[in-house]
Amino acid sequence: MSAGGDPPAPVRERIERAFARWGHRAYHRAWTTIGAVLLVAGALITQLPKIEIDTSTEGFLHEDDPVRVTYDAFRDQFGRDDRILIAIEPPQVFDLAFLEKLHALHEDIENEVPKLQEVTSLVNARHTRGEHDELIVGELLEDWPRTPEALATVEKLALGNPLYRNLLLSADGRVTTISIETDAYSSLGVEDDDFGGFGDTGDAAAAERRFITGAENAEIVEAIEAIVTRHQAPDFRIYTAGTPILVETLQRAMQTDMARFTLIAVAAIAGFLFLLFRRAGAVVLPLAVVILSLLCTLSIMAVAGAPIQIPTQILPSFLLAVGIGNSVHVFAIFFQRRRVGDDKEQAISFALGHSGLAIVMTSLTTAGGLVSFAAAELAPIAQFGIWAPVGVLLALVLTVVLLPALIAVFPMGAAPPAQEPESQATQRLLVRAGTFATDHATAIVLASAGLLAFSLVGAFQIRFSHYPVEWFPEGHYFRVSTERMDWKLKGSVFLEVLVDSGRENGLHEPALLDRIDDMRRHSLRIQMRDVYVGKTVSLVDVLKEIHQALNENRPEFHAIPRDRTLVAQELLLFENSGSDDLEDVVDPPFRVGRFTMKVPFVDAIQYAAFLEAIDRDFRQILGDGVGVTITGLLALLGRTFSAVIHSMAKTYLVAFLVITPLMVLLVGSLRIGLLSMIPNLTPILITLGVMGWFEIPLDGFTLLIGSIAIGLAVDDTIHFMHNFRRYYERSGDIRGSVRETLASTGQALLFTSLVLSTGFFLYMLASMRILFFFGLLTGFTIIVAFLADVLLAPALMTLVMRPRAVRTLDVEMSR
């Protein structure tokens, strides 16, 4: 670089000439180029059907995240903790007609739902009793009540069993539930063993097993929904909730929204292209390029085994909107040259020579901004940081390689007439905006500084959030069901605590069991904002039930036996009774016990302090020598919230560190490169201020806005600065250079900003509220970025740059 930070002009000229030469070559070898590109793309696209969708809660975390590793180990030992919960609210639970309906619903679930592990309701609820020193573990409705007296006995037993409360029955006895536990593992690829399990399987086979897939979860949920629809009635109101329902509901919304928004984005882009160029070729060819780049990107994801996840569902319409900008700049210059008399070959060559370098620069900076997401602690955000840049670079390659060849062979019609009146009006408006900015530079910079200061105050008021229930609109069936269960049954999600005694049969010790009971009492007293524990289940509950049954079912014996040997004997009697329920609360060596807490489904921001308190208090209660591990879905939600905060800080910093040196390098001036970051960062800070002032939370979607926006805002800035420097070096006149820049490039900048903002505004039509705010804010940010480029950037150039001696720059790119 020279002392002023500028690279030698011949370097840039040589690059521009190289692009111009490629334009001639692409014109003469058009069919060869088209055939080669389509051959490679066609081979990739054959893999597209293999792509999967993952909307699971654990999918928000990387596979090697310690919280997820612990959760996967928990599922290996105890199975899925994300149950499907069905609540039924009849006029009266203990009514013979209702119990018959409940029995029919229970049986249909058992007979028709695939991959069932266990179904639990009042129909088969465990009822433990003692008769003549014998322990009998049966079912509450094993002897079906036929008379009012028998029904009254059942009601008394159910309401008197503390284990049923807020698990199978609401505290007021008005709502009952069916709990559905499904297999933790997928059955895909698992074949029956003709040797009945003999042979070398074991650890290797277990290591290859996959947890249940999205497709299998969909089968389960669809079967349950069909059954619920059949049984739903005014006097038999049914609510369904639980994470499996949430996952499938999100997946359906994603599939619907992705297909709808991709089509709408294509239609919107086609409309804008036609309005700008008034030529069929200028509509069809750019769309062909961006759609092909999108299909290739999704196909590469399928080959790599990368699923589409909740945040990455924006990828299709995002790549369509971003990729179209490259073609717009090529066509804008192509038609300008056609209007002055160039033939098709000359116009293609000049367009690539004029805009090729700027297109490469904008694509690299956009990809650089997106790559920042790859460092995110949220797995879907990190995936977006890998595949969005791949898509952007594919769109770049296809624009430079394929688009000129397509223009060469596609009938473009006669040279278009002079600019339409509305086009001339737009151009005049942009030039006037630039003139206003240069004439009032100081006022614009001061006003911008004031607005940024106000926005900064708002940005410090932003609250973080991860609340999947509120992603759905009020009145949505899943949201209504979840809120109903949280109210009537004191929770709908589960926190798991593993208590490791440190030795085999350690959970036979009455002293340790007492401390676990202390955990129960303590947890039921905790309430932190909207988080409380509505129910706990552990080995202690089963043991108390056994001890009471073996002591003539007397309530005063609902307690922990005081002798270690007696504990072991009673647990052995329970196992010998034929029940396998101990597997749900303790491991076979009786070393590790499972302590389950049911809590309401609230914003994950509230879980962080709750989880810290539980971990701290339980360790204090259990004392030294006893291990405590927090896991389960609630722990995943809490970790996801933490990852949102860390990911924001990390991705925004990485985006800035990646894009700033790229701007300096690609613009070719240290001073201009650093100055250009001001209009790039301005829209992000203003948007964060809007979020803070209007109490819009920062979540897994709105987190994307900053790095996406800076990557896109840089595009317009590069085109402005690239052309500004061209004209500035030629004339040395700042005001005139701004005017010429906006006269030649301004319309393309305006069009790409309109396309991008419209592409994001479309998400305001989404079925999920989280997408509404993402689309609104990202579209708003892009508009602010455009205004910053046509007002703030010229004002900064006016104040910082000085008129200079003219150096003739005569680059004949059409050679």
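The following refers to the structure shown. Here the structure is a predicted model, which is why all the values come from computation and not from measurement.

**As for the pattern of salt bridges**
At step 1: Summed over all chains, the structure comprises 31 salt bridges.
At step 2: Where D603 meets R463, a salt bridge forms, and the shortest distance between an N and an O atom there is 3.9 Å. Of the two residues, D603 is situated in the loop between β13 (592-599) and α19 (607-622) and R463 in the loop between α14 (441-459) and α15 (477-488); the sequence distance between them amounts to 140 residues.
At step 3: Judged by its relative accessible area of 8%, D603 falls in the buried class.
At step 4: R463 sits in the partly exposed class, given a relative accessible area of 40%.
At step 5: The shortest N-O distance in the salt bridge between E470 and R479 comes to 3.8 Å.
At step 6: One continuous salt-bridge network, built from bridges that share partners, spans D517, D518, R520, R521 and K544.

**Looking at the packing of aromatic side chains**
At step 1: Per the counting criterion, the structure on display carries 17 aromatic pairs.
At step 2: Note on F595 and F618: the rings are 5.7 Å apart at their centroids and 90° apart in plane angle, and the pair reads as edge-to-face. Remark: F618 occurs in helix α19 and F595 occurs in strand β13; sequence separation between them is 23 residues.
At step 3: Under the relative-accessibility criterion, F618 is labelled buried at 0%.
At step 4: With 6.0 Å between their ring centres and 70° between their planes, Y763 and F774 make a pair best called edge-to-face. Note that Y763 is positioned in the loop between α23 (734-761) and α24 (769-800) and F774 in helix α24, a separation of 11 residues in sequence. Each of the two residues, Y763 as well as F774, counts as buried.
At step 5: A connected cluster of aromatic rings, assembled from ring pairs, spans F277, F331, F334 and F335.
At step 6: The residue whose ring lies beneath R83 is F494, and the NZ or CZ to ring-centre distance is 4.3 Å.
At step 7: The ring of F350 has R337 sitting right over it, with the charged end atom 4.0 Å from the ring centre.

**Thoughts on the environment of P162**
At step 1: With respect to the helices and strands, the residue P162 is situated in the loop between α5 (148-160) and β6 (176-182).
At step 2: C-alpha separation for the pair P162 and E345, spaced 183 residues apart in sequence, amounts to 84 Å.
At step 3: Apart from the residues lying within four places of it in its own chain, the contact partners of P162 are K535 and H558.

**What about the pairing of β13?**
At step 1: With respect to burial, β13 is a largely interior element, 8 of its 8 residues being buried.
At step 2: What you see with β13 is no split at all: V592, R594, T596 and K598 on one side and G593, F595, M597 and V599 on the other are buried throughout.
At step 3: Here strand β9 (residues 493-500) pairs with β13 via 8 bridges, running antiparallel. Along β13, the bridge assignment pairs L495 with M597.

**What to know about the packing of helix α8 (residues 243-277) against helix α9 (residues 281-304)**
At step 1: Viewed as axis vectors pointing N to C, α8 and α9 meet at an angle of 145°, and their least axial separation amounts to 9 Å. Crossing angle aside, the handedness with which α8 passes α9 is right-handed. Every residue of α9 that contacts α8 at V266, I269, A270, L273, F274 and F277 is listed here: A282, V283, P286, L287 and I291.
At step 2: Considered class by class, the residues forming the contact of α8 with α9 number 11 nonpolar, no polar and no charged.

**Quick word on the sheet that holds β9**
At step 1: With antiparallel pairing, 4 strands are arranged side by side in an open sheet as β12-β13-β9-β14. Every other strand in the sheet has two partners, leaving β12 (535-537) and β14 (627-631) as the edge strands with one partner each. Within this sheet the neighbouring strands show an average axis-to-axis angle of 20°, counted without direction.
At step 2: Contacting β9, β12 and β13, helix α16 (residues 510-525) runs over the sheet at an angle of about 10° to β13.

**Digging into the nonpolar core**
At step 1: Ranked by internal contacts, the top residues of the largest apolar core, which has 192 residues, are F331, F384, V497, I516, Y607 and I708.
At step 2: Excluding residues within four positions of it along the chain, F384 makes contact with T312, I314, L315, F318, L370, F373, P389, L704 and I708.
At step 3: L675, V738, L742 and M801 belong to the second largest nonpolar core, which has 16 residues in total.

**Concerning the sheet that holds strand β3 (residues 116-120)**
At step 1: As summarised here, the arrangement of the 4 strands in space is β3-β6-β2-β7, forming an open sheet in which the pairing is antiparallel. One side of each edge strand has no neighbouring strand; the edge strands of this open sheet are β3 and β7 (237-241). For this sheet, the mean angle separating the axes of adjacent strands, direction not counted, is 15°.
At step 2: Sheet analysis places β3 next to β6, joined by 4 bridges and oriented antiparallel. Within β6, the position partnered with E118 by the bridge is E181.

**A look at unusual backbone geometry**
At step 1: Residue R278 is not a glycine yet carries a positive backbone phi of 55°.
At step 2: Among the structural elements, R278 can be located in the loop between α8 and α9.
At step 3: Within the chain, N505 stands out as a residue other than glycine whose phi angle is a positive 60°.

**Some words on a nonpolar patch on the surface**
At step 1: Taken together, the side chains of L451, F454, V457, W693 and F694 present a nonpolar region at the surface, about 540 Å² in accessible area.
At step 2: Positionally, W693 belongs in helix α21 (residues 670-693).

**Focus on the side chain of D82**
At step 1: Along the chain, D82 turns up in the loop between α3 (66-78) and β2 (84-89).
At step 2: In this structure D82 comes out as buried when scored by relative accessible area, which is 8%.
At step 3: For D82, the contacting residues outside a window of four places in its chain are Y71, T243, P244 and L633.

**Concerning the environment of I444**
At step 1: Within the secondary structure, I444 sits in helix α14.
At step 2: Placed 348 residues apart in sequence, I444 and L792 show a C-alpha to C-alpha distance of 6.6 Å.
At step 3: Leave out the neighbours within four places in its chain, and I444 touches F436, A437, L791, L792 and A795.

**Topic: α19**
At step 1: Helix length check: α19 (16 residues) gives 22 Å between terminal C-alpha atoms against 22 Å at 1.5 Å per residue, within 8%.
At step 2: Buried residues of α19: Y607, F610, L611, A613, I614, D617, F618 and L622, and no others. With its buried residues spanning 160° around the axis, α19 presents them on a single face. Structural note: α19 exposes E612, R616 and Q620 on the side pointing more than 90 degrees away from its buried face.
At step 3: Count one or two residues on from α19 and you reach G623, which has phi positive near 80°.

Reading the values: rules and limits
Residues numbered from 1 in each chain as written. Predicted model: local features only at pLDDT ≥ 70, side-chain atom pairs only at ≥ 80, totals over all residues. Heavy atoms only, no water. Salt bridge = Lys/Arg side-chain N within 4 Å of Asp/Glu carboxyl O. Helix = DSSP H or I, 4+ residues; strand = E, 2+ residues; numbered from the N terminus. Buried < 20%, exposed > 50% of the residue type's maximum accessible area, 1.4 Å probe, protein only. Phe/Tyr/Trp six-rings, centres within 6.5 Å; stacked < 30°, edge-to-face > 60°. Lys NZ or Arg CZ within 6 Å of the ring centre and 35° of its normal. Contact = heavy atoms within 4.5 Å. Pairing = 2+ DSSP bridges. Axes fitted to C-alpha atoms, helices over the stretch in contact; angles between N-to-C directions. Left-handed = near helix turned anticlockwise from the far one by under 90°. Nonpolar A, V, L, I, M, F, W, Y, C, P; charged D, E, K, R; others polar. Core = buried A, V, L, I, M, F, W, Y, C linked by side-chain atoms within 4.5 Å. Patch = residues over 30% accessible without salt bridge, like charges linked within 9 Å, V, L, I, M, F, W, Y side chains within 5 Å. Areas by Shrake-Rupley, 256 points an atom, 1.4 Å probe, with all protein chains shown as cover. Expected span 1.5 Å × (residues − 1). Arc of directions from axis to C-beta.

Fair warning: the whole summary comes from geometry, so function is off the table for now.
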